[in-house]
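Chain and residue survey
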Amino acid sequence: MIPNYWYAIIEANKVKQKPVSISRMGEDLVLWRNAQGNVICMIDRCPHRGAALSLGRVKNNCIECPYHGFQYDTKGQCTLMPCKGKKARIPPGFEVKVFPVRETQGFIWIWWGEERLDVAYRPEERSPLPEPPRFKQLDTNLAHTAEASQVWNVNYARIMENNLDIHHLPFVHRSVTPGVGTRIDPYHVETEGDLITTWGQLRQDDGKSAEESPGWFFRITVIFPQLSLIELSPKVRLLVIVTPIDENNSWVAIRYYQDYVKIPLLGRLLAWLILMVEFKIFQERQDLPVLRSLKPKQADLKSNKFVAADAGSAQYLKRHEYLLKVSSKLGIRSSEL
């Protein structure tokens with residue numbers, strides 16, 4: 001799990017005032033909204049006796065532990081211990097880890113890492129956090145989109161490398177993509193920091209040139225470490241978000257953008273129908289069984305053999321391993337975040 005990045009963790013409309021419990025990044029988290037409607041995300045564990053705060057309630061602009069009524073404010077500080085009385089001094093050590101949060105693009109994001117970005121972590125050189133990443137080519141208007149999410153028992157890097165793998169399409173998805181060629185030609189991969197872009201054509205291996213026998217154009221763009229934009233049609237785009245739950249499980253959110261119908265309600269209905277086909281057929285029945293079978297369960301560059309058509313996936317894993325090494329050298333461990 002790569003530190004010092006924003007991670008989308010849940011759809012924004014699923015977080016209301018009542019506390020919501022989720023597991024992400026190897027931690028149990030609780031999300032709730034304060035009196036101003038802002039989302040608060042903290043570790044779902046009361047430091048007193050370890051009860052899940054998500055079983056409690058929001059009271060006095062704090063989250064109240066269901067076990068003994070201890071209250072924690074939006075900064076994670078304990079403000080009330082009923083057993084000691086309202087005016088009692090709170091002893092040190094009763095704080096709950098709170099994560100920086102942004103609500104944007106229809107999702108809740110948390111900053112997973114150090115809250116300053118200088119390499120040496122010198123307090124006098126703190127830098128402001130960047131904003132969560134986004135694909136500039138996607139419309140901010142979500143009226144003609146549809147989204148859904150699931151939990152998969154697959155390592156998140158395995159899912160991400162699959163998102164960049166286009167040459168499995170005519171095999172894994174042959175029942176819904178008849179006639180798609182098996183040869184990738186041309187095929188281009190560009191990398192720039194956290195941005196990986198691949199594009200080209202899947203076409204028939206008929207001995208003709210790409211100009212004589214064009215195929216199915218595709219463009220796949222990844223913003224590290226969890227966002228994928230898949231374009232298989234000029235008017236349909238697929239946003240895929242993959243967030244680690246732990247080493248073997250991932251939260252996968254998919255949003256379809258469609259430009260065929262822009263009539264209110266009808267446009268969203270069409271996007272929803274496309275999304276259902278994607279989730280129920282492409283993902284659940286076709287991709288997921290293959291991904292579950294992959295060995296080893298955690299992706300790496302050394303365990304499998306790559307060919308030229310895997311260049312996009314290989315670039316993702318190369319960047320993934322590099323950032324893991326960087327965080328290791330800096331002594332950053334998930335348990336410390």
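Residues numbered from 1 in each chain as written. Predicted model: local features only at pLDDT ≥ 70, side-chain atom pairs only at ≥ 80, totals over all residues. Heavy atoms only, no water.

Okay, the side chain of Gln 286 next. Take Gln 286: it is sitting in helix 3 (residues 266-293). In terms of polar contacts, Gln 286 uses its side chain to reach the side chain of His 173, at 2.6 Å. Among the polar contacts listed, one links the side chain of Gln 286 to the side chain of Ser 175, at a separation of 2.8 Å. Ignoring any residue separated from it by four or fewer positions in sequence, one finds Gln 286 in contact with Val 172, His 173, Ser 175, Val 176 and Ile 281. (Helix = DSSP H or I, 4+ residues; strand = E, 2+ residues; numbered from the N terminus. Polar contact = N/O pair within 3.5 Å; in protein donor to acceptor, adjacent residues only side chain to side chain. Contact = heavy atoms within 4.5 Å.)

The biggest cluster of nonpolar side chains holds 76 residues, and the ones touching the most others in it are Ile 9, Leu 31, Met 42, Leu 53, Tyr 72, Ile 108 and Tyr 316. Looking at which element gives the most residues to this core, the answer is helix 3, with six residues. Those residues in contact with Ile 108 that lie beyond four places of it in its chain are Tyr 7, Ala 8, Ile 9, Ile 10, Ala 12, Val 15, Leu 31, Arg 33, Val 39, Val 101, Arg 102 and Glu 103. Formed by 17 residues, the second largest nonpolar core is a distinct cluster that contains Trp 6, Trp 111, Leu 138 and Ile 241. (Core = buried A, V, L, I, M, F, W, Y, C linked by side-chain atoms within 4.5 Å. Buried < 20%, exposed > 50% of the residue type's maximum accessible area, 1.4 Å probe, protein only.)

Quick look at the pattern of salt bridges now. Where charged atoms from two side chains of opposite charge approach closely, those side chains can pair. Evaluated as defined, the whole model comprises 12 salt bridges. In this structure, Arg 102 and Glu 131 form a salt bridge, with 3.5 Å as the shortest nitrogen-oxygen distance. Taken together, the residues span a long stretch of sequence, with Arg 102 in strand 10 (residues 101-104) and Glu 131 in the loop between strand 11 (107-112) and strand 12 (145-152) at a distance of 29 residues. Under the relative-accessibility criterion, Glu 131 is labelled exposed at 53%. Here the salt bridges share partners, and the residues they tie into one network are Arg 183, Asp 185, Arg 203 and Asp 205. (Salt bridge = Lys/Arg side-chain N within 4 Å of Asp/Glu carboxyl O.)

Time to look at the pairing of strand 2 (residues 20-24). Judged by which residues are buried, strand 2 turns out to be one-sided: Val 20, Ile 22 and Arg 24 face inward and are buried, whereas Ser 21 and Ser 23, on the alternate face, are not. Judged from the five bridges that link them, strand 2 and strand 3 (residues 27-33) form a sheet pairing that is antiparallel. Across the sheet, Arg 24 pairs through a bridge with Glu 27, a residue of strand 3. Adjacent in sequence and paired antiparallel, strand 2 and strand 3 are bridged by two residues, among which Met 25 carries a positive phi angle near 55°. (Pairing = 2+ DSSP bridges.)

Let us now look at the side chain of Arg 255. Secondary-structure assignment places Arg 255 in strand 18 (residues 249-258). A polar atom in the side chain of Arg 255 sits 2.9 Å from the backbone oxygen of Gln 105. Reaching out from Arg 255, the side chain makes a polar contact with the side chain of Glu 147 at a distance of 2.5 Å. With residues near it in sequence (within four places) discarded, Arg 255 still touches Gln 105, Gly 106, Phe 107, Leu 142, Thr 145, Ala 146, Glu 147, Arg 237, Leu 238 and Leu 239.

Next up on the list: the sheet that holds strand 14 (residues 195-203). In spatial order, the strands read 12-18-17-16-15-14-13; together these seven strands make up an open sheet with antiparallel pairing. On the outer flanks of this sheet lie strand 12 and strand 13 (183-192), each paired with one strand and no other. For this sheet the average axis-to-axis angle between neighbouring strands, irrespective of direction, equals 15°. Taken together, the 10 bridges between strand 17 (residues 236-246) and strand 18 define a ladder with antiparallel strand orientation. In the strand pairing of strand 18, Thr 243 is matched with Trp 251. On top of the sheet, helix 1 (residues 156-163) reaches strand 12, strand 15 (216-223), strand 16 (227-233), strand 17 and strand 18; it is set at about 160° to strand 17, its chief contact. Helix 3 rests against strand 12, strand 17 and strand 18 of the sheet, and its axis sits at about 25° to strand 12. (Axes fitted to C-alpha atoms, helices over the stretch in contact; angles between N-to-C directions.)

Both trends apply: most residues other than glycine have a negative phi, and most peptide bonds are in trans. Omega for the bond connecting Phe 224 with Pro 225 falls within 30 degrees of zero, at 0°, which places this linkage in the cis form. As for its placement among the helices and strands, Pro 225 is situated in the loop between strand 15 and strand 16. Residue Pro 296 is reached from Lys 295 by a cis peptide bond, and omega for that bond is -5°. Assignment of secondary structure puts Pro 296 in the loop between helix 3 and helix 4 (311-329). Positive phi values are uncommon outside glycine, yet Asn 4 reaches one of about 65°.

Turning to the confidence of the model for the chain, a few remarks are in order. Predicted coordinates in areas of low pLDDT are best not read in detail. With 93% of its residues at a pLDDT of at least 70, the chain reaches an overall mean of 90. This stretch, residues 118-125, has a pLDDT under 50; its non-local contacts, to residues over four places away or in other chains, come to 10 contacts. Taken as a whole, residues 333-337 scores under 50 in pLDDT and shows nine contacts with residues more than four places along the chain or in a different chain. (pLDDT = per-residue confidence, 0-100.)

Let us now look at the packing of aromatic side chains. For the coordinates displayed, the defined rule picks out seven aromatic pairs. Between Phe 99 and Trp 112, the ring centres sit 5.6 Å apart and the planes meet at 15°, which makes this aromatic pair stacked. Taken together, the residues Phe 99 in strand 9 (residues 98-99) and Trp 112 in strand 11 connect sequence positions 13 residues apart. Seen in terms of ring centroids, Phe 107 and Trp 251 are 6.5 Å apart; in terms of plane orientation they differ by 80°. Their pairing is edge-to-face. On the criterion of sequence distance, the pair formed by Phe 107 in strand 11 and Trp 251 in strand 18 is long-range, its members being 144 residues apart. (Phe/Tyr/Trp six-rings, centres within 6.5 Å; stacked < 30°, edge-to-face > 60°.)

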